[in-house]
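# Coordinate analysis (summary)
Here is how the chains run, residue by residue.
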Amino acid sequence: MRSLTALTSLLLLTLFSGLAAAGFLDQDFSKITLKTTHVRGNIYMLEGVGGFAGGNIGVSAGKDGILLVDDQLSPMSAKINTALADINTGKLRFILNTHWHGDHTGNNAHFSEHATIISHANVRKRLMAEQNNFFGKSPASPKEAWPLITFEHAVNIHFNGDDIQLMHYPHGHTDGDAVVYFPNSKVAHLGDHFFNGVFPFVDIDTGGNAFSLTRNIKKIIETLPADTLIIPGHGELSDMAGLKAYYTMLKATTQYVQLQAAEGESLEDIQFGGLPSDWTDWGGGFINAEHWIKIIYRSLPQKH
Ligand SMILES: [Zn+2]
């Protein structure tokens, strides 16, 4: 049984390593389109369809111009420009990065000639140096991709008549995550704290942790108004009911693995037993149940 589990792990690892080695950049980007959704008020969401474009982009468009939350993989730049031109003829002025991953910061260098990039301090630190995580090594980004303005806890941007809030949530998906909230429209962009409808990827190697991510989501639910619309890092547009369902899954699965580990079960034992059947539907994304168990297990000794 052990060897079967080990074999499955090896196959999964090979699959993931293959993805990393080939890179998301090796896709046929001509097949990917950008879908624009009017979320509410002056906020829009840009989502890749037909392939992996990167994380969802949030857009504030108005009299001051355009502000983006995240900017996807680098080959998407022309399609982003076209989508933005259809929304608003104003200039792109600001880009907010929710975290350092390349599928959210891939066009920083492209847009930074005209737009100012803002992020948590750890995003800048990680973009300035080579990173090594589950996907393998990511080289340091060029200087043009580094955020010019950084913050530690929170910052407000007074733009398009809104008082846009960026709030750092420590040790969630990485060590530099920011949640963006647009009070006028009651829309939030949660970055990769939120994978809608599927188990999340948590980047433990760059400061993420499944337990503190779960606590952060609880705090976010308590902080946001009940009728907030929510742009996830990946997946379809959501709302507070969707976020609460995600929190229920996070809380139950992290507690389950913690309890099993406390009873002396090894990672392989827990993976072999699997998660309670209530949560099987959440394994249909990039992270399956076996890998989600591993992420939770690896989060155990370094709880924040
Ligand atoms: Zn990410």
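Read on for a plain summary of the structure. (Residues numbered from 1 in each chain as written. Predicted model: local features only at pLDDT ≥ 70, side-chain atom pairs only at ≥ 80, totals over all residues. Heavy atoms only, no water.)

### What about the overall build of the protein?
- Helices and strands together make up the secondary structure of the protein, namely nine helices and 15 strands.
- Relative to the 2.2 N^0.38 estimate, which gives 19 Å for 304 residues, the radius of gyration of the protein is 19 Å and therefore close to what a compact globule would have.
- Per-residue burial for the protein yields a buried fraction of 51% across its 304 residues.
- For the protein, the accessible area works out to roughly 13300 Å², and carbon and sulfur atoms hold 55% of it. (Helix = DSSP H or I, 4+ residues; strand = E, 2+ residues; numbered from the N terminus. Rg over C-alpha atoms; globule rule 2.2 N^0.38 Å. Buried < 20%, exposed > 50% of the residue type's maximum accessible area, 1.4 Å probe, protein only. Areas by Shrake-Rupley, 256 points an atom, 1.4 Å probe, with all protein chains shown as cover.)

### Overview of the environment of Lys79
- Here Lys79 shows up in helix H2 (residues 77-87).
- Sequence separation of Lys79 and Leu34 is 45 residues, and the distance between their C-alpha atoms is 6.8 Å.

### Section: the sheet that holds strand S6 (residues 116-120)
- Spatial strand order, S1-S2-S3-S4-S5-S6-S9: seven strands in an open sheet with mixed pairing. Only two strands of the sheet have a single partner each, and these edge strands are strand S1 (33-40) and strand S9 (149-151). Strand-to-strand twist in this sheet, taken as the mean axis angle between neighbours without regard to direction, amounts to 20°.
- Relative to S6, strand S5 (residues 92-96) is paired through three bridges, and the arrangement is parallel. Within S6, the residue paired with Ile95 across the bridge is Ile117. (Pairing = 2+ DSSP bridges. Axes fitted to C-alpha atoms, helices over the stretch in contact; angles between N-to-C directions.)

### Some words on the packing of aromatic side chains
- The final tally for this structure, using the stated rule, is nine aromatic pairs.
- Seen in terms of ring centroids, Phe135 and Phe286 are 5.8 Å apart; in terms of plane orientation they differ by 10°. Their pairing is stacked. One end of the pair, Phe135, is in the loop between strand S7 (131-133) and strand S8 (136-138); the other, Phe286, is in the loop between helix H8 (267-273) and helix H9 (289-299), with 151 residues separating them in the sequence.
- Taking relative accessible area as the criterion, Phe135 reaches 24% and is therefore assigned partly exposed.
- Note on Phe194 and Tyr246: the rings are 4.8 Å apart at their centroids and 55° apart in plane angle, and the pair reads as tilted. A residue pair is termed long-range when its members are at least 10 positions apart, and Phe194 in the loop between strand S13 (187-189) and helix H6 (210-223) and Tyr246 in helix H7 (residues 240-262) qualify at 52 residues. Each member of the pair, Phe194 together with Tyr246, is buried.
- Through a chain of ring-to-ring contacts, three or more aromatic side chains come together here, namely Phe134, Phe135, Phe201 and Phe286. (Phe/Tyr/Trp six-rings, centres within 6.5 Å; stacked < 30°, edge-to-face > 60°.)

### Concerning H7
- For H7, which comprises 23 residues, the first-to-last C-alpha distance of 32 Å matches the rise-based estimate of 33 Å (1.5 Å per residue) to within 8%.
- Of the positions making up H7, those classed as buried are Met240, Gly242, Leu243, Tyr246, Tyr247, Met249, Leu250, Thr253, Thr254, Val257 and Gln260.
- Looking at the packing, one finds that the buried side of H7 touches H6, strand S14 (229-231), strand S15 (238-239), H8 and H9.
- The distance from a side-chain oxygen at the start of H7 to the backbone nitrogen of Ala241 is 3.2 Å, and the residue carrying that oxygen is Asp239.
- Two residues or fewer after H7 comes Gly264, characterised by a positive phi angle close to 95°. (Expected span 1.5 Å × (residues − 1). Contact = heavy atoms within 4.5 Å. Polar contact = N/O pair within 3.5 Å; in protein donor to acceptor, adjacent residues only side chain to side chain.)

### With respect to the side chain of Gln260
- Relative to the helices and strands, Gln260 is located in helix H7.
- Apart from residues no more than four positions distant in its own chain, Gln260 is found in contact with Glu265 and Ile270.

### So, H6
- For H6, with 14 residues, the first-to-last C-alpha span of 20 Å sits near the 20 Å given by 1.5 Å per residue.
- When we look at burial in H6, the residues that qualify are Ala210, Phe211, Ser212, Leu213, Thr214, Asn216, Ile217, Ile220 and Ile221.
- Buried positions along H6 lie against strand S12 (178-182), H7 and H9.
- Measuring from the backbone nitrogen of Phe211 back to the side-chain oxygen at the start of H6 gives 2.8 Å, which picks out Asn209 as the cap.

### A word on the pairing of S6
- Taken across its five residues, S6 has four buried, putting it largely inside the fold.
- Pairing between S6 and S9: three bridges, direction parallel. Looking at S9, one finds that His120 is bridged to Phe151.

### What about the sheet that holds strand S10 (residues 154-159)?
- Overall, mixed pairing links the six strands, which are arranged S10-S11-S12-S13-S14-S15 in an open sheet. If you trace the sheet from one side to the other, it starts and ends with S10 and S15, each paired once.
- Pairing of S10 with strand S11 (residues 162-168), which is carried by six bridges, proceeds in the antiparallel orientation. Paired with His158 across the strands is Asp163, a residue of S11.

### Considering the nonpolar core
- Within the largest apolar cluster, 38 residues are counted, with the highest numbers of intra-cluster contacts made by Leu190, Ile217, Leu243, Tyr246 and Trp292.
- For this core, the secondary structure elements donating two or more residues are S12, H6, H7, H8 and H9.
- If you tally residues by element for this core, the top one is H7, at seven residues.
- In this structure, Tyr246 is in contact with His193, Phe194, Phe195, Val198, Pro200, Leu213, Ile217 and Trp282, ignoring residues within four places of it in sequence.
- Core analysis: the second largest hydrophobic core is formed by 22 residues, Leu34, Val59, Ala83 and Ile87 among them. (Core = buried A, V, L, I, M, F, W, Y, C linked by side-chain atoms within 4.5 Å.)

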